[in-house]
Amino acid sequence: MNALPWSSSAALPPTENQPIAPVIETAGSDGSAESKGESQQDLLVFGKSDVKIKPKGVRVGNETVLGTDDRVRITNTKAPPWRKIAGLKLKPRPPQTSSYIGTGWFIGPKTLLTAGHCVYSPSDFNGWIGSIEVSPGQDAGVSPFRTVTATKFFALQQWINSADPDHDIGCIQLAEPLGEEVGYFKIASQTDAELENALVNISGYPGDLDNGRNQYFHQNRVLRTSAHRIYYDVDTYGGQSGSPVWVQASATSEAVAVAVHAYGIGGTAPSLGVTANSGPRLTPEIVLTVKEWLQAASA
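Residues numbered from 1 in each chain as written. Predicted model: local features only at pLDDT ≥ 70, side-chain atom pairs only at ≥ 80, totals over all residues. Heavy atoms only, no water.

Colleague: Is there a simple way to explain the nonpolar core in this structure?
Modeller: The nonpolar side chains of a soluble globular protein tend to be buried with one another. Ranked by size, the top nonpolar core spans 29 residues in total, and within it Val-119, Ile-132, Val-134, Phe-153, Ile-172 and Leu-174 carry the most contacts. If you tally residues by element for this core, the top one is strand β4 (residues 85-91), at three residues. Those residues in contact with Val-134, other than ones at most four positions away along the chain, are Ala-86, Gly-87, Leu-88, Leu-112, Arg-146, Thr-147, Val-148, Ile-172 and Leu-174. Ile-24, Leu-44, Trp-82 and Trp-293 belong to the second largest nonpolar core, which has 28 residues in total. (Core = buried A, V, L, I, M, F, W, Y, C linked by side-chain atoms within 4.5 Å. Buried < 20%, exposed > 50% of the residue type's maximum accessible area, 1.4 Å probe, protein only. Helix = DSSP H or I, 4+ residues; strand = E, 2+ residues; numbered from the N terminus. Contact = heavy atoms within 4.5 Å.)

Shown next as structure tokens:
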């Protein structure tokens with residue numbers, strides 16, 4: 001499967017703390033499905049905080065629980081934004097027989113974002129994944145909407161060429177517009193100033209809790225940004241790779257995804273001086289490529 005060519009209108013700044021402009025974004029939607037029961041939106045955090053939260057300790061896996069495990073199970077995954085987030089079952093091509101779990105999230109009617117290593121991995125899949133079962137709002141291992149199988153994938157060229165963790169972003173294309181029903185996230189390339197001290201939300205399907213059958217959520221503060229990555233004190237674990245990292249200015253404002261969660265504290269350089277999980281940042285160049293993926297889905 002060939003990825004779309006990497007495209008760019010301008011070079012990224014070489015160092016952090018330089019403005020990234022212009023802001024590039026896509027549209028979001030809450031979908032057409034009815035919302036019943038408790039929305040659990042009281043779990044979300046909004047705006048910014050200058051209070052630094054220090055973890056008491058860490059539990060290290062492919063991703064990391066920072067101190068006390070504060071993740072909360074989402075029980076009404078039929079409501080937005082939870083239904084926009086899907087449990088993934090990754091099935092490599094034969095002769096491989098092992099399957100994997102991950103998380104993806106809708107950004108358009110037929111398009112989801114996830115981690116690049118969920119769709120392309122020479123070590124785990126011998127290249128491209130064979131197929132992915134996509135279950136939006138999965139709860140107790142079952143989607144309240146339905147599960148569809150995807151066989152078309154893209155990834156950033158830097159990830160394909162060199163497994164660059166700063167570009168660990170992939171795309172899943174569906175044959176049917178399931179996102180029209182469940183909704184999809186707006187994404188945007190926010191500046192360092194916008195992200196400084198921002199409170200972020202992350203929800204996905206961790207393998208250490210219920211074997212990835214249920215959706216779990218945690219929220220906390222951005223601790224640091226770099227030109228290509230966002231670092232945050234949010235509890236995650238393996239299986240949550242590909243989860244959306246989103247911000248909201250207020251309880252009534254639209255959710256805006258700013259990164260794709262991918263790494264635990266092992267992916268955070270000691271020189272940064274923080275104990276944090278992280279995800280590749282949705283920079284202007286990456287958002288432009290994502291727009292190409294969205295266009296390919298509508299063609």
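Colleague: How should I be thinking about the environment of Ser-99 in this particular structure?
Modeller: Tracing the backbone shows Ser-99 in the loop between β4 and β5 (100-106). Given the relative accessible area of 40%, Ser-99 is considered partly exposed. Between the C-alpha atom of Ser-99 and that of Phe-125, which follows or precedes it by 26 residues, the distance is 9.6 Å. For Ser-99, the contacting residues outside a window of four places in its chain are Lys-89, Leu-90 and Pro-92.

Colleague: Explanation requested: the side chain of Lys-84 in the structure shown.
Modeller: In this structure, Lys-84 sits in the loop between β3 (72-73) and β4. Discounting residues that sit within four places of it in the chain, Lys-84 has contacts with Ser-29, Asp-30, Gly-104, Trp-105, Phe-106, Val-182, Gly-183, Tyr-184 and Phe-185.

Colleague: I keep staring at the pairing of strand β9 (residues 131-136) and nothing clicks. Help me out?
Modeller: Where a strand is regular, its side chains alternate between the two sheet faces. Within β9, five of the six residues are buried, which leaves the element mostly enclosed by the surrounding structure. Alignment of β4 against β9, held across six bridges, turns out to be antiparallel. Pairing of Ala-86 across the sheet is with Pro-136, part of β9. When β9 meets strand β10 (residues 148-150), the two strands line up antiparallel, connected through three bridges. Residue pairing for β10: Val-134 is matched across the bridge by Val-148. (Pairing = 2+ DSSP bridges.)

Colleague: I would appreciate a short explanation of helix α4 (residues 284-298) in the present structure.
Modeller: Each turn of an α-helix holds 3.6 residues, which means side chains three or four residues apart point in the same direction. For α4, which comprises 15 residues, the first-to-last C-alpha distance of 21 Å matches the rise-based estimate of 21 Å (1.5 Å per residue) to within 8%. Among the residues of α4, Pro-284, Glu-285, Ile-286, Val-287, Thr-289, Val-290, Trp-293, Leu-294 and Ala-297 are the ones counted as buried. Buried positions along α4 lie against β6 (111-115), β11 (152-155), β12 (169-173) and β13 (186-187). (Expected span 1.5 Å × (residues − 1).)

Colleague: Would you explain the environment of Arg-281 in this entry?
Modeller: With respect to the helices, strands and loops of the structure, Arg-281 is situated in the loop between β19 (277-280) and α4. Sequence separation of Arg-281 and Asp-168 is 113 residues, and the distance between their C-alpha atoms is 9.5 Å. A polar side-chain atom of Arg-281 sits 3.1 Å from the main-chain carbonyl oxygen of Gln-190. (Polar contact = N/O pair within 3.5 Å; in protein donor to acceptor, adjacent residues only side chain to side chain.)

Colleague: Would you explain the pattern of salt bridges in this entry?
Modeller: A side chain with one charge may pair with a side chain of the opposite charge, provided their charged atoms come close. Under the defined criterion, the tally for this structure stands at nine salt bridges. Taking the shortest distance from any N to any O, the salt bridge between Glu-25 and Lys-186 comes out at 3.3 Å. Of this pair, Glu-25 sits in the segment before β1 (58-60) while Lys-186 sits in strand β13, placing them 161 residues apart in sequence. Classification of Glu-25 as partly exposed rests on a relative accessible area of 39%. Residue classification places Lys-186 among the buried positions, given a relative accessible area of 16%. Ionic pairing is found between Asp-139 and Arg-73, a salt bridge with its closest N-O pair at 2.9 Å. Linking Asp-139 in the loop between β9 and β10 with Arg-73 in strand β3, this pair joins segments that are 66 residues apart in sequence. The partly exposed category is assigned to Asp-139, whose relative accessible area is 22%. (Salt bridge = Lys/Arg side-chain N within 4 Å of Asp/Glu carboxyl O.)

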